[in-house]
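Each chain is listed here by its residues.
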Amino acid sequence: QVQLVESGGGLVQPGGSLRLSCAASGSFSSINVMGWYRQAPGKQRELVATIITGGNTNYADSVKGRFTISRDNAKNTVYLQMNSLKPEDTAVYYCNVAGRMFPRATVFQSWGQGTQVTVSS
């Protein structure tokens, strides 16, 4: 079983910044992909950004140049630095982690509980 604990959401004015964190714990032997998704009211959950073990990243077009995803492999933690926030960034942000469990290398994928980000003046 893999547990994800998210933190860092909140209320911020347009143009402001927030940093989200997601720490993974459990009996996994490797984490391959870490990412962030978001879901706004009345909309489907959408990809925000992902980062793989080697450091390659992928971003939604809507956040390119404003958001930066990073990971600390020693802490099994993924971060999302969000700058120049806009009201349309308002959503619940979910951490997603995929990898393999110990000892049989079973593939797993886990979601965090979600953290609210509200961008409003």
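Use the structure listed above.
This section reports on the structure supplied with the text. None of the values given here were measured: they were computed from a predicted structure.

## Some words on the pairing of strand β4 (residues 28-39)
In the sheet, β4 pairs with strand β9 (residues 91-101) via 10 bridges, with the strands oriented antiparallel. Residue pairing in the sheet places I31 in a bridge with G99 of β9. With six bridges connecting them, β4 and strand β5 (residues 46-52) associate as antiparallel partners. Directly across from M34, in β5, lies its bridge partner I51. Hairpin connection between β4 and β5: a loop of six residues separates the two successive antiparallel strands, and G42 in this loop has a positive phi of roughly 75 degrees.

## Notes on the packing of aromatic side chains
For the structure on display, the rule yields two aromatic pairs. Between the aromatic rings of Y37 and W111, the centroid separation amounts to 5.0 Å while the plane-to-plane angle is 65 degrees, which identifies the pairing as edge-to-face. Taken together, the positions of Y37 in strand β4 and W111 in strand β10 (residues 107-111) put the pair 74 residues apart, joining distant regions of the chain. It is R45 that lies over the ring of W111; its NZ or CZ is 4.6 Å from the centre.

## Some words on the nonpolar core
Ranked by internal contacts, the top residues of the largest apolar core, which has 32 residues, are W36, L80, M82 and Y93. Among the secondary structure elements, those contributing two or more residues to this core are β1 (2-7), β3 (18-26), β4, β5, β7 (67-72), β8 (77-82), β9 and β11 (115-119). Tallying contributions element by element places β9 first for this core, with five residues. Leave out the neighbours within four places in its chain, and L80 touches L18, R19, L20, W36, V48, A49, F67, T68, I69 and Y93.

## Focus: the environment of G9
With respect to the helices, strands and loops of the structure, G9 is situated in the loop between β1 and β2 (10-12). Residue G9 is classed as partly exposed on the basis of its relative accessible area of 33%. For G9 and V117, which are 108 residues apart along the polypeptide, the C-alpha to C-alpha distance reads 5.0 Å. Setting aside chain neighbours within four positions, we find G9 in contact with L18, L20, T115, Q116 and V117.

## Let's talk about the pattern of salt bridges
Opposite charge on two side chains allows them to pair when their charged atoms are near. Applying the stated criterion across every chain, the model contains four salt bridges. One salt bridge in this structure joins R38 and E46, with 2.7 Å as the shortest N-O distance. Its salt-bridge partner being R38, residue D89 comes within 3.0 Å of it at the nearest N-O pair. Here the residue D89 occupies a position in the loop between β8 and β9, and R38 occupies one in strand β4, the gap between them amounting to 51 residues.

## Quick word on the sheet that holds β1
Pairing within the open sheet is antiparallel, and its four strands lie in the order β1-β3-β8-β7. The two strands at the open ends of the sheet, each matched to only one other strand, are β1 and β7. Strand-to-strand twist across the sheet, computed as the mean angle between neighbouring axes with direction ignored, equals 15 degrees. Pairing analysis gives six bridges linking β7 to β8, with the strands arranged antiparallel. By the bridge assignment, F67 is partnered in β8 with M82.

Rules and cut-offs
Residues numbered from 1 in each chain as written. Predicted model: local features only at pLDDT ≥ 70, side-chain atom pairs only at ≥ 80, totals over all residues. Heavy atoms only, no water. Pairing = 2+ DSSP bridges. Helix = DSSP H or I, 4+ residues; strand = E, 2+ residues; numbered from the N terminus. Phe/Tyr/Trp six-rings, centres within 6.5 Å; stacked < 30°, edge-to-face > 60°. Lys NZ or Arg CZ within 6 Å of the ring centre and 35° of its normal. Core = buried A, V, L, I, M, F, W, Y, C linked by side-chain atoms within 4.5 Å. Buried < 20%, exposed > 50% of the residue type's maximum accessible area, 1.4 Å probe, protein only. Contact = heavy atoms within 4.5 Å. Salt bridge = Lys/Arg side-chain N within 4 Å of Asp/Glu carboxyl O. Axes fitted to C-alpha atoms, helices over the stretch in contact; angles between N-to-C directions.

From the geometry alone we can't say anything about function, so treat these as descriptive.
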